[in-house]
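Remarks on the overall topology
So the chains spell out like this:
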Amino acid sequence: MTESFGREQVLELCAGLPATTDERPFGPETAVAKVVGKVFAIVPLDTPAGSETVTLKVAPPHGEALVRDHGWVRPGYHMNKRHWVTVALNGDEVDHQLVIDLVINSYDLVVAGLPRAQRP
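Before going into details, it helps to say that this report is about the structure given with it.

The rules behind each value
- Residues numbered from 1 in each chain as written.
- Predicted model: local features only at pLDDT ≥ 70, side-chain atom pairs only at ≥ 80, totals over all residues.
- Heavy atoms only, no water.
- Helix = DSSP H or I, 4+ residues; strand = E, 2+ residues; numbered from the N terminus.
- Rg over C-alpha atoms; globule rule 2.2 N^0.38 Å.
- Buried < 20%, exposed > 50% of the residue type's maximum accessible area, 1.4 Å probe, protein only.
- Contact = heavy atoms within 4.5 Å.
- Areas by Shrake-Rupley, 256 points an atom, 1.4 Å probe, with all protein chains shown as cover.
- Lys, Arg positive; Asp, Glu negative; His and termini not counted.
- Charge placed at Lys NZ, Arg CZ, Asp CG, Glu CD.
- Core = buried A, V, L, I, M, F, W, Y, C linked by side-chain atoms within 4.5 Å.
- Axes fitted to C-alpha atoms, helices over the stretch in contact; angles between N-to-C directions.
- Left-handed = near helix turned anticlockwise from the far one by under 90°.
- Arc of directions from axis to C-beta.
- Pairing = 2+ DSSP bridges.

Here we take up the overall build of the protein. The helix and strand inventory of the protein stands at three helices and six strands. A compact globule built from 120 residues should have a C-alpha radius of gyration of about 14 Å, and the protein, at 14 Å, falls within 12% of that. Projected onto the principal axes, the alpha-carbon positions of the protein cover approximately 40 × 30 × 30 Å. Counting every position in the protein, which comprises 120 residues, the buried fraction comes to 42%. Contacts spanning at least 24 positions in sequence make up 49% of the contacts within the protein whose residues lie at least 6 apart. A total of about 6500 Å² of accessible surface is found on the protein, and carbon and sulfur atoms cover 54% of it. In the protein, 11 side chains carry a positive charge and 15 a negative one; their mean positions are 13 Å apart.

Quick look at the nonpolar core now. Grouped together as the largest cluster of nonpolar side chains are 30 residues, with contacts concentrated most on V10, F40, V54, W72 and V87. Secondary structure elements with two or more residues in this core: α1 (7-15), β2 (30-35), β3 (38-44), β4 (53-57), β6 (84-88) and α3 (96-112). Aside from chain neighbours lying at most four places away, what touches V87 is E52, T53, V54, L56, W72, V73, V99 and L102.

Attention shifts here to unusual backbone geometry. Leave glycine aside and you will find that most residues have negative phi; peptide bonds, for their part, are mostly trans. In this model, A19 sits at a positive phi of 60°, which is unusual for a non-glycine residue. For A19, the location among the structural elements is in the loop between α1 and β1 (20-23). Accessibility expressed as a relative area gives 43% for A19, which makes it partly exposed. In this structure, H78 takes a positive phi of about 60° despite not being glycine. When you line up the elements, H78 lands in the loop between β5 (73-75) and β6.

What follows deals with the packing of α1 against α3. Running from N to C, α1 and α3 point in directions that differ by 35°, and their axes come no closer than 11 Å. Judged by the sense of rotation from one axis to the other, the crossing of α1 with α3 is right-handed. Here V10, L13 and C14 of α1 lie close against α3, whose contacting residues are I100, V103 and I104.

As a further point, take α1. If you check which residues of α1 are buried, you get R7, V10, L11 and C14. With its buried residues spanning 100° around the axis, α1 presents them on a single face. In the core, the buried residues of α1 are packed alongside β1, β2, β3, β4 and α3.

What follows is about the sheet that holds β2. Taken in spatial order, the six strands of this open sheet run β1-β2-β3-β4-β6-β5, and their pairing is antiparallel. The open sheet is flanked by β1 and β5, the only strands paired with a single partner. Neighbour-to-neighbour, the strand axes of the sheet open up by a mean angle of 25°, direction not taken into account. In the sheet, β5 pairs with β6 via three bridges, with the strands oriented antiparallel.

For β2, the tally of buried residues reaches six of six residues, placing the bulk of the element in the interior. Relative to β2, β1 runs antiparallel, the two being bridged by four bridges. Residue pairing across strands places D22 opposite A33, the latter belonging to β2. Counting the residues in the hairpin turn of β1 and β2 gives six residues, including G27, whose phi is positive at 110°. Sheet analysis places β2 next to β3, joined by six bridges and oriented antiparallel. Following the sheet pairing, T30 is matched in β3 by P44. Remark: two residues form the turn of the hairpin made by β2 and β3, two consecutive strands paired antiparallel; V36 in that turn has positive phi of roughly 50°.

Below you can see the structure in the form of structure tokens.
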């Protein structure tokens with residue numbers, strides 16, 4: 001994976017997923033990626049370089065394991081701690097491929113919860 005992986009790459013990844021919109025319901029400093037109106041990623045835009053994060057939806061057992069096994073994953077900031085995690089995007093220990101997988105998994109979880117007729 002590329003050495004440079006931060007919020008711009010996360011936003012590009014989110015934008016490339018079907019039926020995704022980039023919204024700013026909390027103001028211009030926070031990007032919220034939604035699929036068919038449901039949130040799957042929250043990216044603060046006002047954090048300094050080197051402390052970029054993304055908050056993502058997870059299945060509770062998966063979230064618990066991620067927080068336990070990776071120091072750069074913590075319970076979701078300002079979210080339900082069982083269903084959301086906040087993932088650091090910078091640091092030597094960050095596994096960028098895992099971050100990509102977590103973004104896609106968050107999207108898939110939200111899509112799976114949509115009524116069948118609304119799924120992209």
